[in-house]
Amino acid sequence: MMNIFLSIIDCVKIFFQALRFGVLNILIENSNSNLIRALGFLNPFFILNHKVPQGLRIKNFLESLGPMFIKFGQLLSTRTDLVPLGITSYLRGLTDQCQSFPTHKAKQIIEGSLKIKIEDVFEDFEDEPLAAASLAQVHRARIKNTSEKVVVKVLRPGIHKKVRRNVRVMRAGGFLLKIFYKESERLRLKDVIDDYERTIFKELDLKVEAANTTVTKKNFDNSDLLFIPKVFWDQTTVNVLTLEEIDGIGCTDVDSMDELGIDRKILAENGVKIFLDQVFRDNFFHADMHPGNIFVSKVNVEQPSYIAIDCAIVGSLTREDQYNLARMLQATLKQDYYKLSELFIGAGWVSSQTNKSDLQQALRATCEPIFEKPLSEIEFGSLLLYLFDSTRQFGLSVQPSLILLQKTLIHIEGMGREIYADLDFWGLAEPYIDQWINKQFSPLKLKEFLEDNHYEILDKASSLPGEIFDLLDNIKFLANDGKKNIDIVKNLETSLQKQRRWQNLTILTLISIIMILLGRLLS
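Here the structure is a predicted model, which is why all the values come from computation and not from measurement.

Enquirer: Now, about the packing of aromatic side chains: what can you tell me, with residues and values included?
Expert: Tallied over the full model, the rule gives five aromatic pairs. Ring plane angle 50 degrees and centroid distance 6.3 Å describe the contact between phenylalanine 280 and tyrosine 432, whose orientation is recorded as tilted. One end of the pair, phenylalanine 280, is in helix α15 (residues 264-282); the other, tyrosine 432, is in helix α21 (residues 425-440), and 152 residues separate them in sequence. Among the residues examined, phenylalanine 280 registers a relative accessible area of 4% and is labelled buried. Seen in terms of ring centroids, phenylalanine 280 and tryptophan 436 are 5.0 Å apart; in terms of plane orientation they differ by 55 degrees. Their pairing is tilted. Of this pair, phenylalanine 280 sits in helix α15 while tryptophan 436 is found in helix α21, placing the two residues 156 residues apart along the sequence. Each member of the pair, phenylalanine 280 together with tryptophan 436, is buried.

Enquirer: Please provide a residue-by-residue account of the pairing of strand β9 (residues 294-297), values included.
Expert: Examined bridge by bridge, strand β7 (residues 248-250) and β9 share three bridges and lie antiparallel to one another. Counted as the bridge partner of isoleucine 249 is valine 296 from β9. One ladder, built from three bridges, connects β9 with strand β10 (residues 306-308); its direction is antiparallel. Opposite isoleucine 294, over in β10, you have alanine 308 as the bridge partner.

Enquirer: I'd like to hear about the side chain of threonine 242, residue by residue, with values.
Expert: The residue threonine 242 is located in strand β6 (residues 240-244) in this model. Here glutamine 235 takes part through its backbone oxygen, which lies 2.6 Å from a polar atom of the side chain of threonine 242. Here threonine 242 is in contact with Phe122, Val150, Val151, Val152, Lys230, Val231, Phe232, Gln235 and Thr236, once residues within four sequence places are set aside.

Enquirer: Explain empty space enclosed by the protein to me, using residue names and the numbers behind them.
Expert: On inspection of all chains with the given rule, the structure shows two cavities of 30 Å³ or more. Of all elements in the fold, only α15 and α20 (400-419) reach the threshold of two or more residues within the lining of the largest cavity. It is α15 that provides the largest number of residues to the lining of the largest cavity, a total of five residues. Looking at the lining of the largest cavity residue by residue, the classes come out as eleven nonpolar, two polar and no charged. Within the residue set of the lining of the second largest cavity, elements represented by two or more residues are α15, α16 (319-333) and α20. Among the elements that take part in the lining of the second largest cavity, α15 stands out by supplying three residues, more than any other. Its residues placed into classes, the lining of the second largest cavity shows nine nonpolar, no polar and no charged.

Enquirer: How would you sum up the sheet that holds β10? Please name residues and give values.
Expert: Taken together, four strands build an open sheet; the order of strands is β5-β10-β9-β7 and the sheet is mixed. Each having just a single partner strand, β5 (226-227) and β7 make up the two edges of the open sheet. Of the pairings in the sheet, the one linking β5 to β10 comprises two bridges and is parallel in character. Residue pairing for β10: leucine 226 is matched across the bridge by tyrosine 306.

Enquirer: Help me get a handle on unusual backbone geometry, residues and values and all.
Expert: Here the phi dihedral of aspartate 124 falls at roughly 55 degrees; this positive angle occurs in a residue that is not glycine. Checked against the element boundaries, aspartate 124 lands in the loop between β1 (122-123) and β2 (131-132). One non-glycine residue with positive phi stands out, namely asparagine 283, at about 50 degrees. Examined against the element boundaries, asparagine 283 turns out to sit in the loop between α15 and β8 (285-286).

Enquirer: Talk me through the pattern of salt bridges; I want residue IDs and the actual numbers.
Expert: Counted according to the given criterion, the structure contains 18 salt bridges. A salt bridge links aspartate 282 to arginine 281; the nearest nitrogen and oxygen atoms lie 2.7 Å apart. Assessed through its relative accessible area of 19%, aspartate 282 is described here as buried. In this structure arginine 281 comes out as partly exposed when scored by relative accessible area, which is 43%. We note a salt bridge from glutamate 413 to arginine 417, for which the minimum N-O separation is 3.6 Å. Here the residue glutamate 413 and the residue arginine 417 both occupy positions in helix α20, the gap between them amounting to four residues, near one helical turn. When salt bridges that share partners are traced, they join Glu123, Asp124 and Arg142 into one network.

Enquirer: Let's hear about the environment of tyrosine 432: which residues, and what values?
Expert: On the basis of relative accessibility, which here comes to 21%, the residue tyrosine 432 falls in the partly exposed class. Between the C-alpha atom of tyrosine 432 and that of phenylalanine 280, which follows or precedes it by 152 residues, the distance is 9.3 Å. Setting aside residues up to four positions removed in sequence, tyrosine 432 forms contacts with Leu276, Asp277, Phe280 and Arg281.

Enquirer: Can you tell me about the side chain of glutamate 413, naming the residues and giving the values?
Expert: Residue classification places glutamate 413 among the buried positions, given a relative accessible area of 1%. If we skip the residues at most four places from it in the chain, glutamate 413 touches Ile378, Glu379, Phe380, Gly381, Ser382 and Phe425.

The rules behind each value
- Positions within a chain are numbered from 1, following the residues in the order the chain's sequence is written.
- Per-residue local features are limited, in this predicted model, to residues with pLDDT of at least 70; the limit for side-chain atom pairs, both in listing and counting, is 80 or more; totals at the level of whole chains, interfaces and linings are taken over all residues.
- The basis for the side-chain values is all heavy atoms of the structure; hydrogens and waters are excluded.
- Only centres within 6.5 Å qualify two rings of Phe, Tyr or Trp (six-membered ring in Trp) as a pair; their planes then separate them into stacked at under 30 degrees, edge-to-face at over 60, and tilted for everything else.
- Segments assigned H or I by DSSP are reported as helices when at least four residues long, segments assigned E as strands when at least two residues long, and all are numbered from the N terminus.
- Exposure categories follow from relative accessible area, calculated using a 1.4 Å probe and restricted to protein chains: below 20% of the type maximum is buried, above 50% is exposed, and the middle band is partly exposed.
- At least two bridges found by DSSP between two strands are what make those strands a pair.
- N or O atoms within 3.5 Å of each other form a polar contact, as long as, within protein, one can give a hydrogen and the other can take it, and as long as residues adjacent in sequence are counted only when both atoms are side-chain atoms.
- By definition, residues are in contact when any of their heavy atoms lie within 4.5 Å.
- Here a cavity is any set of points on a 1 Å grid over the protein atoms alone where a 1.4 Å probe fits but cannot get out, and a pocket is any open set with protein on both sides within 12 Å along at least 5 of 7 lines; a residue lines the site when it has an atom within 4 Å of a point.
- Grid points are joined across faces, edges and corners, and a volume is the space filled by probe spheres set on the points.
- In this classification, Asp, Glu, Lys and Arg are treated as charged, Ala, Val, Leu, Ile, Met, Phe, Trp, Tyr, Cys and Pro as nonpolar, and every other residue, Gly included, as polar.
- Salt bridges are identified by distance alone: a Lys or Arg side-chain nitrogen within 4 Å of an Asp or Glu carboxyl oxygen.

Keep in mind these numbers describe shape, not what the thing actually does.
What follows is the structure, encoded as structure tokens:
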């Protein structure tokens, strides 16, 4: 009962703030009726806000509601498949720096979670937090009886309860908006809130961040390009994360870089290489690479490198999306809009009913003005953002990981150009992607795939004939009353076509496995 009462209070507060910042009027402003738009002036606050851009109004509104809604706004800023560019450009300015909470509470959480006394495990534990954000704060310390300096990240007290309460309010708001605003279906608010809930609850489990940090560290173990701090697993739980302390320069502090004699051109190019390796080589990328999480190493300045922290949010593409992204880059570079439109439809990023000529025209209208600039001046992250924005009219629907990738790319290019203004992303990316695509079809890659999946392939092959016969029997049964069951017949026919493709692939695969096995026997 208390939860319902608190949710009602929260909803009233949100409604008032939406009036105050003129956010409710955005729905009215988008109406085609002059009369309905005029009704917007019944809101006295709108008279003060009607000249303020809609994106800025939404940004100010979310900031007034506190850190949890700021986090939601940060997520919305990445959903360019749903939210217009004019709004997301303002939402990207949201930051969730917060007041710290009392250190004695942080120590209580650490002691309760680790089941220790602070003085038994840590020395020189600093009472003054190093940083504080919406979900957690960080303290410096040293592991007892060692020289290892660490930072201890602690979740805020009661944060799980606060997040659940905010999610309930967001769902209530989404439900009301669905009732009173017909166009809300296009925004897919339920999907956005579900995405927010998944993302934020991952951030509330610091063991997930620790695991992501460990994986990224392994991926770059032998690399001179990126350093990832070590996780101290014995001092890590769901509520507490202990990491090796880093010593780096802010990634936009170019004056300090120049003082150390760091070659900023090489540093910026290394940032692009790290991004490409994470996306295509590792298929596991840090998806929160804003300047607060990326530093420049003071060590080995002749071979400049980065340090990355806060791996709470990571992304991974499906093999198909990886390949489609690479082909998309290629087609965009060649300004081949026919192939680009085929790719958007074939990948399922836009509706399958999309008119290819209309899509091609929209893509050309988006890209051609941008390609008037030299390639080295074009930011691919921004271009990708414009492409997604222009194709929303065709029912754009892409995986959240691809949206995360676009956000990461914008950060990488933005930081790279702050470090070195003439960074040529395309010049580095084009040969890398060409090489990666060629490698996907090399005999060694096929051999690796067959060796990794031969049991699954054999299992699929053994069950395939039975599945095909079952499909044929169902089609014969339904054919007697085809009109009534026309949708089911179409689905079965589609399924049969997929099975045929699988059958062809399986036959080829089995032949390849036999050839590999024979090769081994004869060698």
